[in-house]
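Here is what each chain is made of, one letter per residue.
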Amino acid sequence: MDENVSPRRRERYSRLNTLEVEAQSHAIASTAESDLASEFRHFCCDLHHQLETACTVIDWDRIFMTALATISLALVVFAFFPYLQSQLAADQQFRHHFVLNSLIISEFQASADQVTGKCDAIFNVSNLGDRSIYHETSVLSIFIDHELLWVVRTGDFFIDIGDNILFNVSINKTTVSVPASFVPTAMIESQMLHKPLRFKLKYDSMLREGLAAWYEERSHIYIICGWIEMQFINQTTLMGGPANCSIED
């Protein structure tokens with residue numbers, strides 16, 4: 001039968017087949033493009049939905065309250081920083097150990113309203129903290145019972161971390177006024193009845209802690225040693241010690 005078909009018809013059939021194939025190719029391409037466009041639209045819609053969900057999930061009120069609480073805490077810490085520094089300094093001071101080794105009062109004489117004497121006090125000082133310390137502008141006061149007898153400016157001294165030193169304070173022979181008959185009565189009781197006289201020392205000093213170019217802290221220390229029981233070892237000499245000392249606020 002193909003042999004009876006004319007060349008023109010064959011040519012038409014070939015063109016028709018070609019057109020059909022091209023149409024099918026265009027249809028397939030259009031379908032693929034449509035599918036890609038649809039998938040892209042779905043992707044964009046999903047992405048937009050996820051972004052909206054994320055923005056909805058974020059609790060902006062909670063974030064604001066957290067930031068406000070953080071700022072408030074920082075302000076509180078900043079406001080109490082001087083107090084914290086003083087507490088740290090106090091902790092350092094309590095690791096600064098004082099012990100009175102001995103107290104000797106020689107050339108001791110008393111009248112109705114005066115006392116004369118020469119004093120020598122020896123302290124054992126330990127720095128158990130973590131900063132070196134320099135004592136300056138220090139004053140030592142000596143009391144009999146609650147009556148002040150002598151006050152003297154002591155020498156400055158340095159004590160390094162972990163060191164233990166002997167610190168000596170001497171008062172030259174000095175006469176001071178006292179309440180009438182107070183000291184003579186105490187002296188008679190001590191000499192005749194062999195009762196000890198009760199003395200107390202107070203040490204007041206400014207401290208420089210750290211002593212470094214990049215850090216140095218100044219603070220104050222107040223130490224009380226007593227009561228110290230003093231006994232006459234001869235007619236004019238009293239001796240006492242050792243005695244523990246406490247650091248007061």
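The text that follows walks through the structure, step by step, so that each part is easy to find. On a predicted model such as this, the values are computed, not experimentally measured, just so you know. (Residues numbered from 1 in each chain as written. Predicted model: local features only at pLDDT ≥ 70, side-chain atom pairs only at ≥ 80, totals over all residues. Heavy atoms only, no water.)

1. So, the pairing of strand β4 (residues 147–153)
Pairing analysis gives six bridges linking strand β3 (residues 133–144) to β4, with the strands arranged antiparallel. Within β4, the position partnered with Ser 141 by the bridge is Val 151. The antiparallel pairing of β3 with β4 creates a hairpin that spans two residues between the two strands, and Asp 145 there sits at a positive phi of about 55 degrees. (Pairing = 2+ DSSP bridges. Helix = DSSP H or I, 4+ residues; strand = E, 2+ residues; numbered from the N terminus.)

2. Some remarks on the side chain of Ser 141
By the secondary structure assignment, Ser 141 is in strand β3. Taking relative accessible area as the criterion, Ser 141 reaches 14% and is therefore assigned buried. Setting aside residues no more than four positions away along its own chain, Ser 141 makes contact with Leu 148, Trp 150, Val 151, Lys 200, Leu 201 and Lys 202. (Buried < 20%, exposed > 50% of the residue type's maximum accessible area, 1.4 Å probe, protein only. Contact = heavy atoms within 4.5 Å.)

3. Some points on the nonpolar core
In this structure, Leu 100, Phe 123, Trp 150, Phe 199, Leu 201 and Ile 228 are the most contacted members of the largest nonpolar core, which totals 41 residues. Top element by residues in this core is strand β8 (residues 217–232). It accounts for six residues. (Core = buried A, V, L, I, M, F, W, Y, C linked by side-chain atoms within 4.5 Å.)

4. Regarding the pattern of salt bridges
Evaluated as defined, the whole model comprises seven salt bridges. Of the charged contacts in the structure, one is a salt bridge between Arg 131 and Glu 209, with a shortest N-O distance of 3.3 Å. Separated by 78 residues along the polypeptide, Arg 131 in the loop between β2 (114–127) and β3 and Glu 209 in strand β7 (residues 197–209) bring together distant segments of the chain. The buried category is assigned to Glu 209, whose relative accessible area is 0%. Note that Asp 145 is salt-bridged to Arg 198, the shortest N-O span being 3.8 Å. You can see Asp 145 sitting in the loop between β3 and β4 and its partner Arg 198 sitting in strand β7, a full 53 residues away along the chain. Overall, the relative accessible area of 26% leaves Asp 145 in the partly exposed class. Through salt bridges that share partners, Asp 130, Arg 131 and Glu 209 make up one connected network. (Salt bridge = Lys/Arg side-chain N within 4 Å of Asp/Glu carboxyl O.)

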